[in-house]
Amino acid sequence: MAASVNFKTCVDQTCRAAEEFVNIYYETMDKRRRVLARLYLDKATLVWNGNAVSGQEALKEFFELLPSSEFQVNMLDCQPVHEQATQSQTTVLVVTCGRVKFDGNKQRYFTQNFLLTAQPTPTSTMWKIASDCFRFQDWAS
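Model, not experiment: these values are computed from the prediction.

Trainee: I'm lost on the overall build of the protein chain in this one. Help?
Mentor: The helix and strand tally for the protein chain stands at two helices and six strands. In terms of overall dimensions, the protein chain is globule-like: its C-alpha atoms have a radius of gyration of 16 Å, near the 14 Å expected for 141 residues. Counting all 141 residues of the protein chain, 35% fall into the buried class. Counting only contacts in the protein chain whose residues sit at least 6 apart along the sequence, the fraction spanning at least 24 positions is 53%. Charge-centre separation for the protein chain: the mean point of 15 positive side chains lies 3 Å from the mean point of 15 negative side chains.

Here's what the structure looks like:
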(Lines give C-alpha, C1' and ligand atoms only; values in the text may rest on other atoms or scores of the structure.)
Protein backbone atom coordinates (compact mmCIF):
# COMPACT_ATOMS: atom_id res chain seq x y z
CA MET A 1 0.00 0.00 0.00
CA ALA A 2 2.85 2.43 0.80
CA ALA A 3 4.17 2.23 -2.77
CA SER A 4 0.78 3.14 -4.22
CA VAL A 5 0.45 6.08 -1.79
CA ASN A 6 3.91 7.32 -2.78
CA PHE A 7 3.04 6.97 -6.47
CA LYS A 8 -0.23 8.87 -5.97
CA THR A 9 1.68 11.64 -4.19
CA CYS A 10 4.16 11.70 -7.06
CA VAL A 11 1.36 11.97 -9.62
CA ASP A 12 -0.35 14.75 -7.63
CA GLN A 13 2.92 16.70 -7.44
CA THR A 14 3.46 16.12 -11.16
CA CYS A 15 0.01 17.51 -11.97
CA ARG A 16 0.58 20.64 -9.87
CA ALA A 17 4.00 21.22 -11.45
CA ALA A 18 2.60 20.66 -14.96
CA GLU A 19 -0.27 23.11 -14.45
CA GLU A 20 2.09 25.75 -13.09
CA PHE A 21 4.55 25.17 -15.93
CA VAL A 22 1.87 25.39 -18.64
CA ASN A 23 0.57 28.69 -17.25
CA ILE A 24 4.09 30.14 -17.19
CA TYR A 25 5.06 28.77 -20.60
CA TYR A 26 2.11 30.06 -22.62
CA GLU A 27 1.98 33.41 -20.82
CA THR A 28 5.68 33.83 -21.60
CA MET A 29 5.14 32.73 -25.22
CA ASP A 30 2.36 35.28 -25.69
CA LYS A 31 3.65 38.23 -23.64
CA ARG A 32 7.40 37.90 -22.96
CA ARG A 33 8.75 35.77 -25.77
CA ARG A 34 12.22 37.31 -25.58
CA VAL A 35 12.82 35.34 -22.35
CA LEU A 36 11.12 32.08 -23.41
CA ALA A 37 14.41 30.29 -24.18
CA ARG A 38 15.31 30.56 -20.47
CA LEU A 39 12.70 27.87 -19.78
CA TYR A 40 14.80 25.39 -21.82
CA LEU A 41 17.93 23.47 -20.86
CA ASP A 42 21.12 24.65 -22.60
CA LYS A 43 21.03 21.68 -24.99
CA ALA A 44 17.26 21.33 -25.29
CA THR A 45 15.63 20.34 -28.57
CA LEU A 46 12.46 21.71 -30.12
CA VAL A 47 10.73 20.07 -33.06
CA TRP A 48 8.31 22.63 -34.52
CA ASN A 49 6.10 21.07 -37.18
CA GLY A 50 8.93 18.74 -38.17
CA ASN A 51 11.70 21.38 -38.05
CA ALA A 52 14.37 20.76 -35.40
CA VAL A 53 15.96 23.55 -33.37
CA SER A 54 18.58 22.78 -30.73
CA GLY A 55 20.32 24.85 -28.06
CA GLN A 56 19.24 27.98 -26.20
CA GLU A 57 20.70 30.49 -28.65
CA ALA A 58 19.05 28.84 -31.67
CA LEU A 59 15.78 28.60 -29.72
CA LYS A 60 15.92 32.29 -28.85
CA GLU A 61 16.45 33.20 -32.51
CA PHE A 62 13.63 30.87 -33.60
CA PHE A 63 11.11 32.28 -31.13
CA GLU A 64 11.98 35.86 -32.08
CA LEU A 65 11.07 35.09 -35.71
CA LEU A 66 7.57 33.84 -34.85
CA PRO A 67 4.71 36.34 -35.17
CA SER A 68 3.00 37.42 -31.95
CA SER A 69 0.60 34.80 -30.63
CA GLU A 70 -2.48 34.13 -28.56
CA PHE A 71 -2.53 30.59 -27.18
CA GLN A 72 -5.57 28.95 -25.60
CA VAL A 73 -4.88 25.62 -23.91
CA ASN A 74 -7.95 23.39 -23.89
CA MET A 75 -6.38 20.20 -22.53
CA LEU A 76 -3.47 19.33 -20.29
CA ASP A 77 -2.24 15.86 -19.40
CA CYS A 78 0.91 14.80 -17.58
CA GLN A 79 2.68 11.89 -16.02
CA PRO A 80 5.94 11.27 -14.21
CA VAL A 81 8.57 9.45 -16.27
CA HIS A 82 10.01 6.41 -14.49
CA GLU A 83 13.45 7.11 -13.05
CA GLN A 84 14.92 4.02 -14.77
CA ALA A 85 14.22 5.70 -18.12
CA THR A 86 15.88 8.98 -17.10
CA GLN A 87 18.93 7.90 -15.10
CA SER A 88 17.21 8.92 -11.82
CA GLN A 89 16.57 12.47 -13.12
CA THR A 90 13.12 13.66 -12.00
CA THR A 91 11.28 14.04 -15.32
CA VAL A 92 7.69 14.81 -16.31
CA LEU A 93 5.89 14.36 -19.62
CA VAL A 94 3.40 17.18 -20.29
CA VAL A 95 0.95 17.13 -23.20
CA THR A 96 -1.19 20.12 -24.17
CA CYS A 97 -3.58 20.87 -26.97
CA GLY A 98 -5.67 23.86 -27.85
CA ARG A 99 -5.90 26.73 -30.30
CA VAL A 100 -3.39 29.37 -31.34
CA LYS A 101 -3.66 32.52 -33.41
CA PHE A 102 -0.41 33.88 -34.80
CA ASP A 103 -0.58 37.48 -35.97
CA GLY A 104 -1.58 37.61 -39.65
CA ASN A 105 -2.72 33.97 -39.71
CA LYS A 106 -5.95 32.12 -39.07
CA GLN A 107 -6.57 30.39 -35.74
CA ARG A 108 -5.33 26.79 -35.74
CA TYR A 109 -5.45 23.78 -33.47
CA PHE A 110 -2.18 22.55 -31.98
CA THR A 111 -0.72 19.86 -29.77
CA GLN A 112 2.50 20.22 -27.84
CA ASN A 113 4.54 17.70 -25.82
CA PHE A 114 7.19 18.66 -23.28
CA LEU A 115 9.72 16.60 -21.37
CA LEU A 116 10.55 18.60 -18.25
CA THR A 117 13.41 17.90 -15.87
CA ALA A 118 13.69 19.12 -12.30
CA GLN A 119 16.61 21.45 -11.71
CA PRO A 120 17.23 21.97 -7.99
CA THR A 121 18.00 25.52 -6.82
CA PRO A 122 19.05 26.58 -3.32
CA THR A 123 15.44 27.44 -2.41
CA SER A 124 13.21 25.32 -4.66
CA THR A 125 12.95 23.18 -7.79
CA MET A 126 12.86 24.77 -11.23
CA TRP A 127 11.45 22.82 -14.18
CA LYS A 128 13.36 23.13 -17.45
CA ILE A 129 12.37 21.85 -20.88
CA ALA A 130 14.63 19.09 -22.19
CA SER A 131 12.53 18.31 -25.26
CA ASP A 132 9.57 20.05 -26.91
CA CYS A 133 7.48 18.95 -29.89
CA PHE A 134 4.88 21.33 -31.37
CA ARG A 135 2.47 20.39 -34.17
CA PHE A 136 -0.43 22.11 -35.85
CA GLN A 137 -3.45 19.81 -35.99
CA ASP A 138 -5.10 20.47 -39.33
CA TRP A 139 -8.09 18.22 -39.85
CA ALA A 140 -8.94 16.95 -43.30
CA SER A 141 -12.22 18.38 -44.54
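Trainee: Where do I start with a positive patch on the surface in this structure?
Mentor: The grouping of Arg32, Arg34, Arg38 and Lys60 at the surface amounts to a positive patch. By the secondary structure assignment, arginine 34 is in the loop between helix H1 (2-31) and strand E1 (40-48).

Trainee: Teacher, can you tell me more about the sheet that holds strand E5 (residues 108-120) here?
Mentor: Within a sheet, each strand pairs with its neighbour through backbone hydrogen bonds, oriented either parallel or antiparallel. Here six strands make up an open sheet; going across it, the order is E2-E1-E6-E5-E4-E3 and the pairing mixed. What marks the edges here is a single partner per strand, and that holds for strand E2 (51-54) and strand E3 (69-81). The mean inter-strand angle of the sheet, taken between neighbouring strand axes irrespective of direction, is 20 degrees. Both strand E4 (residues 91-102) and E5 contribute to a ladder of ten bridges, which runs antiparallel. Its bridge partner lying in E5, threonine 91 is registered against threonine 117. Helix-sheet contacts for helix H2 (residues 56-65) involve E1 and E2, and the interaxial angle to E1 is about 45 degrees.

Trainee: Just checking my understanding: could you explain the side chain of serine 69 for this structure?
Mentor: Here serine 69 lies in strand E3. Residue serine 69 is classed as buried on the basis of its relative accessible area of 6%. A polar contact is formed between the side chain of serine 69 and the side chain of arginine 33, at a distance of 2.7 Å. Look past the residues within four positions of serine 69 in its chain and what remains in contact with it is Met29, Asp30, Arg33, Val100, Lys101 and Phe102.

Trainee: Just to check I follow, could you spell out the environment of arginine 34 for this structure?
Mentor: Since its relative accessible area comes to 60%, arginine 34 is described here as exposed. Between the alpha carbons of arginine 34 and alanine 52 there is a distance of 19 Å; along the sequence they are 18 residues apart.

Trainee: Help me understand the environment of methionine 75 in this model?
Mentor: By the element assignment, methionine 75 lies in strand E3. The spatial distance from the C-alpha of methionine 75 to the C-alpha of glutamate 64 is 26 Å, given a sequence separation of eleven residues. Apart from residues lying up to four places away in sequence, methionine 75 is in contact with Val95, Thr96 and Cys97.

Trainee: Help me understand unusual backbone geometry in this model?
Mentor: Glycine aside, a negative phi is what most residues show, and trans is what most peptide bonds show. One non-glycine residue, asparagine 49, adopts positive backbone phi at about 50 degrees. With respect to the helices, strands and loops of the structure, asparagine 49 is situated in the loop between E1 and E2. The exposure class of asparagine 49 is partly exposed, given its relative accessible area of 24%.

Trainee: I would appreciate a short explanation of the nonpolar core in the present structure.
Mentor: Looking at soluble globular proteins, one finds that nonpolar side chains tend to be buried together. Formed by 30 residues in total, the largest nonpolar core has its most connected members in Tyr25, Tyr40 and Phe63. Looking at this core, the elements that each hand over two or more residues are H1, E1, H2, E3, E4, E5 and strand E6 (125-136). In terms of residue count, H1 provides more of this core than any other element does, six residues in total. Phenylalanine 63 has contacts with Tyr25, Met29, Arg33, Leu36, Tyr40 and Leu46, leaving out every residue within four places of it along the chain.

The rules behind these values
Residues numbered from 1 in each chain as written. Predicted model: local features only at pLDDT ≥ 70, side-chain atom pairs only at ≥ 80, totals over all residues. Heavy atoms only, no water. Helix = DSSP H or I, 4+ residues; strand = E, 2+ residues; numbered from the N terminus. Rg over C-alpha atoms; globule rule 2.2 N^0.38 Å. Buried < 20%, exposed > 50% of the residue type's maximum accessible area, 1.4 Å probe, protein only. Contact = heavy atoms within 4.5 Å. Lys, Arg positive; Asp, Glu negative; His and termini not counted. Charge placed at Lys NZ, Arg CZ, Asp CG, Glu CD. Patch = residues over 30% accessible without salt bridge, like charges linked within 9 Å, V, L, I, M, F, W, Y side chains within 5 Å. Areas by Shrake-Rupley, 256 points an atom, 1.4 Å probe, with all protein chains shown as cover. Salt bridge = Lys/Arg side-chain N within 4 Å of Asp/Glu carboxyl O. Pairing = 2+ DSSP bridges. Axes fitted to C-alpha atoms, helices over the stretch in contact; angles between N-to-C directions. Polar contact = N/O pair within 3.5 Å; in protein donor to acceptor, adjacent residues only side chain to side chain. Core = buried A, V, L, I, M, F, W, Y, C linked by side-chain atoms within 4.5 Å.

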